[in-house]
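# Descriptive structure summary
For reference, the chains in residue letters:
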Amino acid sequence: MDLLSPPQPATDDARYEIFREKDLSYDGHLFVGVSSTGIFCRPGCPARLPKPENCSFYPTADAALSAGYRACKRCHPAGGDTVLIKQLITLVEDEPELKVTQATLAKRGIDASTARRQFLSRFGMSFADYARARRLGRAAQTLAKGGSVLDAQLDAGFDSPSGFRTAYAKIFGTAPAKGQPTPLSIDWIETPLGRMIVIADDVALYLLEFTNRKNMRRQFERLRKVQGRPVLPGRTDITAQIERELTDYFKGELLDFKTPLATSGTDFQRETWAALQTIPHGQTRSYAQLAEMIGKPAAIRAVASANANNGLALIIPCHRVIAKDGGLGGYAGGLKRKRDLLDLETKSTKTDY
Ligand SMILES: [Zn+2]
């Protein structure tokens, strides 16, 4: 059971009330399918309230989709952020100096505990922590561009230098100083196969992984150590680019990713990853073939390990490497996902005649 979700109402009447009242505390936990239109919505959808006799209720977007409903174009119930999360993210960007308290949120009609819960579930941190991290991220950008510590402090909305130093050091592990490395931005993207973590700067993509893959935390810590740069919530043009490409990829309309990549690994790993990227969409190779491709036919185990640790799922297509006997082999993101990816690619490679 998901401890972060509110208790489900017992009757359809009670469920209908949630939609009638646009009760956002159920956003992400309750969906309504509307038989007269064939679409399904989340609570808080701006579209007109459907008649109760046309409503069926579902605990997940998947369940509504399996029941044959299409996602509503106005409230995007199948993915993306909840209405409240969108509202709060906009708030942080538009009013960076805002101090997040129960009172300041209440003034804007936002329930602080709902905000906290939804942010914990989406970002793994409370909204107050998210807002603080964004403010410190702006400060880090200022310092990286050669701005003064005072400029950075004011950008971050801190009145006192000591408060700023303490908060900054807590996130970045060092005192604020001119010319510090540019932070990396971390964000999350919904895909038909689950949520993915994206880490990027303005120039390249550093990490793309399913959030629930094996050893996710280890991958993340390794990247942080290698880069020596702070990682903060936020998105860049590169995040937007990979999000667009992923959408097209899952629609079967994109065969090659164009987003610029930043990889870090040993020479052997880089060689393996380069070879992986030459396996065309819709095809597979065995681990032994991959080892031969880099001229080290005996290094099958090492190749498999480099394969699993590339940090850029889908783009460096480790899912295209399977066992010699045609079996699936392994996949850090789970075998079902590997099967789904290969099925998707086989289908999208076929040409219509
Ligand atoms: Zn809707």
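Provided above is the structure to which this section pertains.
The present account deals with the structure reproduced in this document. (Residues numbered from 1 in each chain as written. Predicted model: local features only at pLDDT ≥ 70, side-chain atom pairs only at ≥ 80, totals over all residues. Heavy atoms only, no water.)

### A closer look at the pairing of strand E5 (residues 184-191)
- Within E5, seven of the eight residues are buried, leaving the element largely enclosed by the surrounding structure.
- The pairing of E5 with strand E8 (residues 231-233) spans three bridges and is classified as parallel. By the bridge assignment, Ile186 is partnered in E8 with Pro233.
- Relative to strand E6 (residues 194-200), E5 runs antiparallel, the two sharing seven bridges. Residue pairing in the sheet places Ile186 in a bridge with Ile199 of E6.
- Linking E5 to E6, which pair antiparallel, is a turn of two residues. (Buried < 20%, exposed > 50% of the residue type's maximum accessible area, 1.4 Å probe, protein only. Helix = DSSP H or I, 4+ residues; strand = E, 2+ residues; numbered from the N terminus. Pairing = 2+ DSSP bridges.)

### Some points on helix H9 (residues 216-227)
- In this model H9 runs 17 Å from its N-terminal to its C-terminal C-alpha over twelve residues, within 8% of the 16 Å that 1.5 Å per residue would give.
- Those residues of H9 not exposed but buried are Met216, Gln219, Phe220 and Leu223. End-on, the buried residues of H9 take up no more than an arc of 95°, which puts them together on one face. Opposite the packed face of H9, turned more than 90 degrees from it, sit the exposed residues Arg217, Arg218 and Lys225.
- Those residues of H9 that are buried are in contact with E5, E6, strand E7 (205-210) and E8. (Expected span 1.5 Å × (residues − 1). Arc of directions from axis to C-beta. Contact = heavy atoms within 4.5 Å.)

### Considering the sheet that holds strand E4 (residues 70-71)
- The strand order across the open sheet formed by four strands is E3-E1-E2-E4, and the pairing between neighbours is mixed. Edge positions in the sheet fall to strand E3 (55-58) and E4, since each of these pairs with one other strand and no more.
- The strands that helix H1 (residues 12-20) touches are strand E1 (31-34), strand E2 (39-41) and E3; relative to E3, the one it contacts most, it runs at about 90°. (Axes fitted to C-alpha atoms, helices over the stretch in contact; angles between N-to-C directions.)

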